[in-house]
Amino acid sequence: MDYHVAHQGQNLGVLPLDEIRRRRHTGALGPDAKLWQPGLTDWTPIDQILGAPLPAARTVSASRPFRWLWFGVVLGVFVIVGCLTAWWIVRNSQHSPNFIAQPAPTNTPTAPVKKRSASSSPDPAVIAAEKAAAEAAARERIADFPGTDRDGTSLVRIIAPRPDSRTYLTRLPADRAFRVRQYQQAYLRDGTPAPDPATEIQVREFFELWLDYHFSHAAAFSFESAQRRNQLQTQLYLASPPLPDALLQHTLVLNAELPREARARALENVLSLYANSAHRPYPRFNATIELANALGKDSPRLTELDQAALAHLRAALTAGHLIPDDQEILAESLVVGWAKRFSKRNSAALHELFEAQGPDWAWLSLVIDGELHLDAAWAARGGGYADTVTPAGWTTFAEELTAADAAYTAAWRLAPTRPLAPARLTYIAMGRSREDEMVRWFERTLDAQIDFLEVWASFTHALLPRWHGSHLALLRLARFSLDTRRFDTLVPYQITRIVDRLQDDLKLPFEQHLYAHPDVWPLYREMYEGYIAAPDRRGIERVWRCDYAVLAYLAGHLDVARAQLEAVAWQTAPASLEGWNADTTGAFAAIGALTGPDAARVRTAEDYWKANQRPPAAEIYRSLLETSPDPHTRELAQLRLRQNDSP
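What you are looking at is a predicted structure, and each value in this text was computed from that prediction instead of being measured. (Residues numbered from 1 in each chain as written. Predicted model: local features only at pLDDT ≥ 70, side-chain atom pairs only at ≥ 80, totals over all residues. Heavy atoms only, no water.)

1. Here's the deal with the overall build of the protein chain
Here is step 1: Regarding its fold elements, the protein chain presents 28 helices and four strands.
Here is step 2: Burial statistics for the protein chain: of 647 residues in total, 54% are counted as buried.
Here is step 3: In the form shown here, the protein chain has an accessible surface area of approximately 27600 Å², with 53% of it arising from carbon and sulfur atoms. (Helix = DSSP H or I, 4+ residues; strand = E, 2+ residues; numbered from the N terminus. Buried < 20%, exposed > 50% of the residue type's maximum accessible area, 1.4 Å probe, protein only. Areas by Shrake-Rupley, 256 points an atom, 1.4 Å probe, with all protein chains shown as cover.)

Laid out in structure tokens, this is it:
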């Protein structure tokens, strides 16, 4: 059963009941959240539908795509996104300063700690000793960091990308113009108007805000604009009766947070509306592929949908609705974007289709040819370890990679300012173990577009110890990304992706992080402060500062965390609590309480709480709720007592 969810003035889209229950359970949704679904006369308080809330528990958010959207805006892309997104970041408790420079011996014994039974009297000193022992075990585990014979640091050369290198920001006008042509102008030309003038005005406003949301500089957008867009998104999506235009419904569905099954049903409806409309083939092409994505790789309808999508694409090319200047946008959609899976299933047909368009489409034809051979190479090799590959598999792998290299090299020569071809050649060189070529193509990609995320992902992957680098090499890449000082781009933010890779490779358990290490914390500090100080940050400085506060809180730098929240007058961004590999429930209140007038008592209560010793923690919190003059302390006490009283 699915419900629309509203929380703290924001519409969170449609969520299944189990997900709503999980978020209420973790505290991500408070008692002020409201739910609605067809059949209810009005928004209903969450606990009236769920019943009494479950006790709070620690959970891990799998990804942070919403944060990528916001970060894209402020970085110089300056686009607000509601993610990508991932945001991906690893967090830290207290760890050893021996992270990189001075690895400690792994055989150093740790002092035994007396374990506490569930019935024994909790003692803060015992809790602190157990915490210290757990941290010592974590230090011992990470002390071997880089942990491989390979160095790989020489692969991270100190280079200066061309000053005229494109950025995501400089590409926004072309990206926006494409969507204006295919969606906004298409609605105005071929759409079915709303049934009344007032709603039609709102529809047109929504299209403009949608374009600003994804394809505009920060100066054209703000929190107020985001809130207005969300309001219109919800209002138009829930209109009764539903608004009749296919392209409008299509755009609303793509921007709604829907479970996969609900998304598939909505896209089925969109395609049925398109069947009786005058709309052109390209948006139908997009909607058909998005439906295939929602149905999943095992759907028996994939062949039918793929054939329909190819027909729509062919019709758009034949009618001139897609022009040669659109090749870069199409290529990135097909190779690394929303149509990637469709392209892999149909690469031969796509190559034939684009090749038939003549020399004006030669670049895209070569790109698809390169992907065709690249997919064949990895199909021959398989995804297992090297010793699982047959001799015939190695032979085909090498032959197909050579063919992919040739096609993509030809594409790069045709258009060296487009970053996709050199980015894919970076990945191909990694598979061929051509380290010098890998570095050269990485540098050429940065010359084309310094913040092309695909090449940063490929190069970060290539520097893992199991490929061509080491953990030390990854840290050098993080430093290089920061030293560019390109806070008008996504480049310094690559630190988060790199540290994500480190945590994944180290297989650190929940709430053991790298943030407090002296080799890592300065990178994050410089990154956040650089973006906060960057020009044209208006509109989302609050997000940066709230993110920085949560990171500093997890790293143990409470003074830094408090300074960030004071800079935004404690007007916090709830999304900043999502996606950290830690329990951040109540983090903003905890920052204030742990730096406030009752900090010592709060710290003792929090130690009890984290040790799952709730009765003594609750006793302290009840006293603080009655006596503390600090609003943050009282807020934290109220949260903990509410969690403690949950059955």
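Back to the text.
2. Remarks on the side chain of Arg171
Here is step 1: On the secondary structure map, Arg171 appears in helix H5 (residues 168–190).
Here is step 2: Looking at Arg171, the relative accessible area reads 7%, which means it is buried.
Here is step 3: Polar contacts involving the side chain of Arg171 include one to the side chain of Glu332, which spans 3.0 Å. (Polar contact = N/O pair within 3.5 Å; in protein donor to acceptor, adjacent residues only side chain to side chain.)

3. Looking at the packing of helix H15 (residues 362–381) against helix H17 (residues 420–431)
Here is step 1: Relative orientation of the contacting elements H15 and H17 amounts to 20 degrees, with a least axis distance of 11 Å. By the angle between their axes, H15 is roughly parallel relative to H17. Crossing of H15 over H17 shows left-handed handedness. In this structure, H15 contributes Trp363, Val367, Glu371, Leu374 and Trp378 to the contact, and H17 contributes Leu420, Arg424, Tyr427, Ile428 and Gly431.
Here is step 2: Classifying every residue of the contact of H15 with H17 gives seven nonpolar, one polar and two charged. (Axes fitted to C-alpha atoms, helices over the stretch in contact; angles between N-to-C directions. Parallel < 35°, antiparallel > 145°, perpendicular 65-115°, else oblique. Left-handed = near helix turned anticlockwise from the far one by under 90°. Contact = heavy atoms within 4.5 Å. Nonpolar A, V, L, I, M, F, W, Y, C, P; charged D, E, K, R; others polar.)

4. Observations concerning helix H16 (residues 391–414)
Here is step 1: Relative to the 34 Å expected for 24 residues at 1.5 Å per residue, H16 spans 35 Å between its end C-alpha atoms, a close match to the ideal helical length.
Here is step 2: Three or more residues of H16 are buried, namely Gly393, Phe397, Glu400, Leu401, Ala404, Asp405, Ala407, Tyr408, Thr409, Ala411 and Trp412.
Here is step 3: Next to the buried residues of H16 lie helix H12 (327–336), H15, H17 and helix H18 (435–448). (Expected span 1.5 Å × (residues − 1).)

5. Points about the side chain of Thr445
Here is step 1: Note on placement: Thr445 falls in helix H18.
Here is step 2: There is a polar contact of 3.1 Å between the side chain of Thr445 and the backbone nitrogen of Ala423.
Here is step 3: In this view, Thr445 contacts Pro419, Pro422, Ala423, Thr426, Phe452 and Val455; residues no more than four positions away in its chain are not counted.

6. A word on the environment of Glu437
Here is step 1: Looking at the secondary structure, you find Glu437 in helix H18.
Here is step 2: Given the relative accessible area of 18%, Glu437 is considered buried.
Here is step 3: Residues Glu437 and Tyr427, spaced 10 residues apart in sequence, show a C-alpha to C-alpha distance of 10.0 Å.

7. Digging into the packing of aromatic side chains
Here is step 1: Following the criterion strictly, the structure yields 24 aromatic pairs and no others.
Here is step 2: Measuring from centroid to centroid gives 6.4 Å for Tyr515 and Trp580, while their planes differ by 75 degrees, and the two rings are edge-to-face. Highlighted residues: Tyr515 in the loop between helix H21 (494–506) and helix H22 (521–533) and Trp580 in the loop between helix H24 (558–567) and helix H25 (587–594), separated in sequence by 65 residues.
Here is step 3: The buried category is assigned to Tyr515, whose relative accessible area is 0%. (Phe/Tyr/Trp six-rings, centres within 6.5 Å; stacked < 30°, edge-to-face > 60°.)

8. Observations regarding the environment of Arg486
Here is step 1: Inspection of the secondary structure assignment puts Arg486 in the loop between helix H20 (471–483) and H21.
Here is step 2: Along the chain, Arg486 and Ala534 lie 48 residues apart, while their C-alpha atoms are 9.4 Å from each other.
Here is step 3: Apart from residues no more than four positions distant in its own chain, Arg486 is found in contact with Thr167, Ile450, Pro492 and Tyr531.

9. Focus on the pattern of salt bridges
Should their charged atoms come close, side chains of opposite charge can pair.
Here is step 1: Here the structure, examined in full by the defined rule, presents 27 salt bridges.
Here is step 2: Measuring nitrogen to oxygen at the nearest pair gives 2.4 Å for the salt bridge that ties Arg181 to Asp326. Placement of Arg181 in helix H5 and of Asp326 in the loop between helix H11 (302–318) and H12 is noted, with a sequence separation of 145 residues between them.
Here is step 3: Judged by its relative accessible area of 4%, Asp326 is buried. (Salt bridge = Lys/Arg side-chain N within 4 Å of Asp/Glu carboxyl O.)

10. Quick look at the confidence of the model for the protein chain
Here is step 1: Here the protein chain averages 82 in pLDDT, while 79% of its residues score no lower than 70.
Here is step 2: Helix H3 (residues 65–74) is the least confidently modelled element of the protein chain, averaging 37 in pLDDT, while H11 averages 98, the highest of any element.
Here is step 3: Between residues 52–121, whose pLDDT stays under 50, and residues either more than four places distant or in other chains, the model counts 248 contacts.
Here is step 4: Per-residue pLDDT stays below 50 along residues 138–149; that stretch engages in 31 contacts with residues further than four places along the chain or on separate chains. (pLDDT = per-residue confidence, 0-100.)

11. Focus on the packing of H11 against helix H14 (residues 347–355)
Here is step 1: Running from N to C, H11 and H14 point in directions that differ by 10 degrees, and their axes come no closer than 11 Å. Considering the angle they form, H11 stands roughly parallel to H14. Note on element contacts: H14 touches H11 through Ala349, Leu350, Leu353 and Phe354, opposite Leu310, Leu313, Arg314 and Leu317.

12. Concerning helix H10 (residues 281–295)
Here is step 1: Taking 1.5 Å as the rise per residue, H10 with 15 residues should run 21 Å; its terminal C-alpha atoms sit 21 Å apart, in good agreement.
Here is step 2: The buried count for H10 comes to 14 of 15 residues, which makes it a mostly enclosed element.
Here is step 3: One or two residues past the end of H10 sits Gly296, with phi positive at roughly 95 degrees.

13. Points about unusual backbone geometry
Here is step 1: A cis amide bond links Ser240 with the next residue in sequence, Pro241, at an omega value of 0 degrees.
Here is step 2: Mapped onto the elements of the fold, Pro241 is located in the loop between helix H7 (223–237) and helix H8 (246–254).
Here is step 3: One non-glycine residue, Arg485, lies in the positive phi region at around 60 degrees.
Here is step 4: Here Arg485 shows up in the loop between H20 and H21.
Here is step 5: Assessed through its relative accessible area of 44%, Arg485 is described here as partly exposed.

14. Brief notes about the environment of Phe206
Here is step 1: Relative to the assigned elements, Phe206 resides in helix H6 (residues 197–215).
Here is step 2: Judged by relative accessible area, Phe206 falls into the buried class, the value being 0%.
Here is step 3: As for Phe206 and Arg228, which are separated by 22 residues in sequence, their C-alpha atoms are 8.6 Å apart.
Here is step 4: Ignoring sequence-local partners within four residues, the contact set of Phe206 consists of Arg229, Leu232, Gln233, Leu236, Leu248, Thr251 and Leu252.

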